[in-house]
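# Reading the structure
The chain contents come next:
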Amino acid sequence: MSKSSSYATRKWWKESVIYQIYPSSFQDTTGNGWGDVKGITARVDYLKQLGIDVVWTSPIYKSPQADMGYDIADYKVIDPIYGSVDDVDNLVSELKKRDMKLMMDLVVNHTSNEHEWFLESRSSKTNPKRHWYIWKPPKSVSDAGVPEPPTNWAQILGEANSAWTYDNQTGEYYLSVFTPEQPDLNWENPEVREAVWDVMRFWLDRGVAGFRMDVINMISKVPTYPDAPVVLDPASHRYQPGTQFFVNGPKLHDYLQEMHREVLSKYDTITVGEMPGVSDENEILRTVGANAGELNMIFIFDLVDIDKPNVRMALKPWDVKEMKSIISRWQRCMIERDGWNSVFIENHDNPRSVTRYADDSDEWRDKSAKLLALMQTTLGGTLFVYQGEEIGMRNAPTEWSIEEEYKDIETINYWKKCKQIYKDNPKQLEHGRKIIHMKARDHARTPMQWNNQENAGFCPPGVKPWMRVMDDYKQGINAEDQMKFESDNELSTWQFWQRGIQNRKKHADVFVYGDYQEISPEDPTILAYGRTSQSGERWLVVLNFSGKDVEWALPESLKVEFWACSTYIKDQPDKPQKGKIPLKPWEGLLAKCKIE
Ligand code: TEU
């Protein structure tokens, strides 16, 4: 950290712990099998007790739910399935009473195809809202009258399809990079930008503290709309990834700076941009650098996309060394270059972390979840916890039928494509199934497990939830059992998270703002790092990412003052202060060090 760096300057949004709610699956209070805003309000004491400061809810606006609310039909109306604007006002005030805040999801790369703006836009070529979206004539029309999309770009949530949707009424295509139900807004048009600023002010004026901004790095498109290079086998892929023409496009920073000038600079906000597909440090610093005047932080996807950069539905063996190098790279980068990190390993688009990064078997799930909790609560940046992560929820069991239990449009499209292109190739089809079992977004979307009653307390007994509840709530994977868990020797996963968050806050100058030193980067199973505050307080974190007993050689330069915590026991562990440190399978350790 250089002397001029403002990295360690304290800000509420840096040291807040944020809890992401997937509203349809959080808490149903009406008995219709869907979560709702009143359900969030009913749980604010729970969140406070866990140590949460800011609640971020995925979209709750009016929506036909083609992509679970990421297709918005009215930005100023709450979908009746979730409640009303009054309910949100009430939630904000209940949070405020507890010194907590609400962060909304801002989805403005695209709207729903049922948004009034789009209905007007598609109604005629001369409608005043025509250029609020991106319309292009077909590249060509065959003799038989079949039109060809303007470019060869593939849809993101269904790569077998074109990113362009043909509209019969005016004989043109509109750009819809996610699904046809999510037409992209035309940010080149200043009227569109003004309409977005207006939506933001509407919510900020109601007391909302800020926004998580959905795919905010896709709002600027390369205006020449070229064809994408052919990287997927053209025999099975008619359309190709076009992301290079709309990820961090030419005017992104102009738009974000305008947003800052027009809106954000006038409020005390928290802002996090979802930015898939970008790993270039210089480019990222243009957004999250302390003086960039854009956003507080972004989500960097290198870790959750460890299988294959920017490809969600992929599986590849990866090792702990790769994981370490990704973590260390971004920890160091933000410290050295005066940016700011978000710390997350789960969200509604990714599987459960115990399944993905550790071992979710009955034997090791709890230990694995604590290992990940220790890591998350000791890394630098703003910490995000995803609903259910605090009780160690895991992926849906492989026995669940994909056809019957999986609801996500990405999974449905992906499985349809697999069944089409691998119909004569059972091995490949099996691989597709495996990818779904490990990576589908559905795994994060099963209802929250509150207690050991029918439906896990998510919705009343006898009600059919919108998505199947996992059966393992009966085996202790539920909030109530874990909160009241009593043992002389150990904590429950929930209690461990609670304590980890407390420790993080107590030593914020170390764990939130401190320096980060990578230790033994070559070790194949141990992730170890030091965290040091500006005043010289140093802690050591040692995490065994393997199911084996190992011994880790403590570097001589590190002088352990005392071992503060092990993921295995409640009290301080008795471990040697120098030499070889034994770690049990998936064990994590935290030590306070002496500085000499
Ligand atoms: O996700 C953007 C998206 O495409 C993700 O799949 C992203 O590429 C991935 O997480 C990187 O690992 C956002 C929303 O979070 C998602 O739920 C929506 O479906 C999508 O935008 C469209 O709004």
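Residues numbered from 1 in each chain as written. Predicted model: local features only at pLDDT ≥ 70, side-chain atom pairs only at ≥ 80, totals over all residues. Heavy atoms only, no water.

### Here's the deal with the overall build of the protein chain
So the rule is basically this: Note on conventions: DSSP H or I runs of at least 4 residues are helices, E runs of at least 2 residues are strands, and numbering of each starts at the N terminus. Each radius of gyration reported is based on C-alpha atoms, and the globular scaling rule is 2.2 Å times the count of residues to the power 0.38. Exposure categories follow from relative accessible area, calculated using a 1.4 Å probe and restricted to protein chains: below 20% of the type maximum is buried, above 50% is exposed, and the middle band is partly exposed. In this description, contact between two residues means that some pair of their heavy atoms is separated by no more than 4.5 Å.
Within the protein chain, the regular secondary structure consists of 17 helices and 24 strands. Taken over the C-alpha trace, the protein chain has a radius of gyration of 24 Å; the compact-globule value for 596 residues is 25 Å, and the two agree within 12%. Along the longest, intermediate and shortest principal axes, the C-alpha atoms of the protein chain span 80 × 55 × 50 Å. Scored against the burial criterion, the 596 residues of the protein chain give a buried share of 61%. Long-range pairs, those at least 24 residues apart, make up 71% of the contacts in the protein chain with a sequence separation of at least 6.

### Brief notes about the site of the ligand
As a reminder of what qualifies: Each residue is tested against the molecule or strand, and it is near if at least one of its non-hydrogen atoms lies within 4 Å. Under this definition, polar contacts are N or O atom pairs within 3.5 Å; protein pairs additionally need one hydrogen-donor-capable and one acceptor-capable atom, and for neighbouring residues in sequence, both atoms have to be side-chain atoms. Every accessible area reported is derived by Shrake-Rupley at a probe size of 1.4 Å, with residue values counting cover from the shown protein chains alone. Only Asp, Glu, Lys and Arg are considered charged, only Ala, Val, Leu, Ile, Met, Phe, Trp, Tyr, Cys and Pro nonpolar, and every remaining residue, Gly among them, polar.
The environment of the ligand is formed by 20 residues, the closest being D67, D214, D305, H348 and D349. With respect to the ligand, the side chain of D214 contributes an N or O atom lying 2.8 Å from an oxygen atom. With respect to the ligand, the side chain of H348 contributes an N or O atom lying 2.9 Å from an oxygen atom. If the ligand stood free it would expose 510 Å²; the protein chains cover 96% of that surface. When its residues are assigned to classes, the shell around the ligand shows seven nonpolar, four polar and nine charged.

### Description of unusual backbone geometry
One non-glycine residue with positive phi stands out, namely A456, at about 55°. Mapping A456 onto the fold places it in the loop between α14 (426–439) and α15 (479–483). Here W586, not a glycine, exhibits a phi torsion of approximately 55°, which is positive. Relative to the elements of secondary structure, W586 occurs in the loop between β23 (580–583) and β24 (588–594). When its relative accessible area of 8% is taken as the criterion, W586 is described as buried.

### Let's talk about empty space enclosed by the protein
Definition in use: Only protein atoms enter the 1 Å grid, on which a cavity is a set of points fitting a 1.4 Å probe that cannot get out and a pocket is an open set with protein on both sides within 12 Å along at least 5 of 7 lines, lining residues being those with an atom within 4 Å of a point. Grid points are joined across faces, edges and corners, and a volume is the space filled by probe spheres set on the points.
Under the defined criterion, the tally for this structure stands at four cavities of 30 Å³ or more. One number sums up the size of the largest cavity: a volume of about 230 Å³. If you go around the largest cavity, you meet 15 residues; those closest to its centre are L303, W330, N341, S342 and F344. At the level of secondary structure, the elements contributing two or more residues to the lining of the largest cavity comprise α9 (320–337) and β16 (342–343). Ranked by residue count, the leading element in the lining of the largest cavity is α9, at four residues. When the residues that make up the lining of the largest cavity are grouped by side-chain class, the tally is 10 nonpolar, four polar and one charged.

### What to know about the nonpolar core
To be explicit about the condition: The definition of a nonpolar core used throughout is a set of buried Ala, Val, Leu, Ile, Met, Phe, Trp, Tyr and Cys residues joined through side-chain atoms within 4.5 Å.
The biggest cluster of nonpolar side chains holds 144 residues, and the ones touching the most others in it are Y19, M200, W203, M375 and F545. Residue contacts for F545: discarding those within four places in its chain leaves V320, M323, Y357, L371, L372, M375, T525, L527 and W586.

### Comments concerning the UniProt feature "domain: Glycosyl hydrolase family 13 catalytic" (unreviewed entry) in the protein chain
Worth spelling out the cut-off: UniProt positions are given in the numbering used here, feature names are shortened, and annotations may be inferred rather than shown by experiment.
UniProt records the feature "domain: Glycosyl hydrolase family 13 catalytic" (unreviewed entry) for residues 20–445 in the present numbering. Taken end to end, residues 20–445 is 32% helix and 14% strand, and its two terminal C-alpha atoms sit 12 Å from one another.

### Some thoughts on the layout of surface pockets
Estimates place the volume of the second largest pocket at around 440 Å³. The wall of the second largest pocket is formed by 23 residues, among which K11, W13, A290, L295 and N296 lie closest to the centre. Secondary-structure elements contributing two or more residues to the lining of the second largest pocket are α1 (12–15) and α8 (281–288). Considering only residue class, the lining of the second largest pocket consists of eight nonpolar, 11 polar and four charged.

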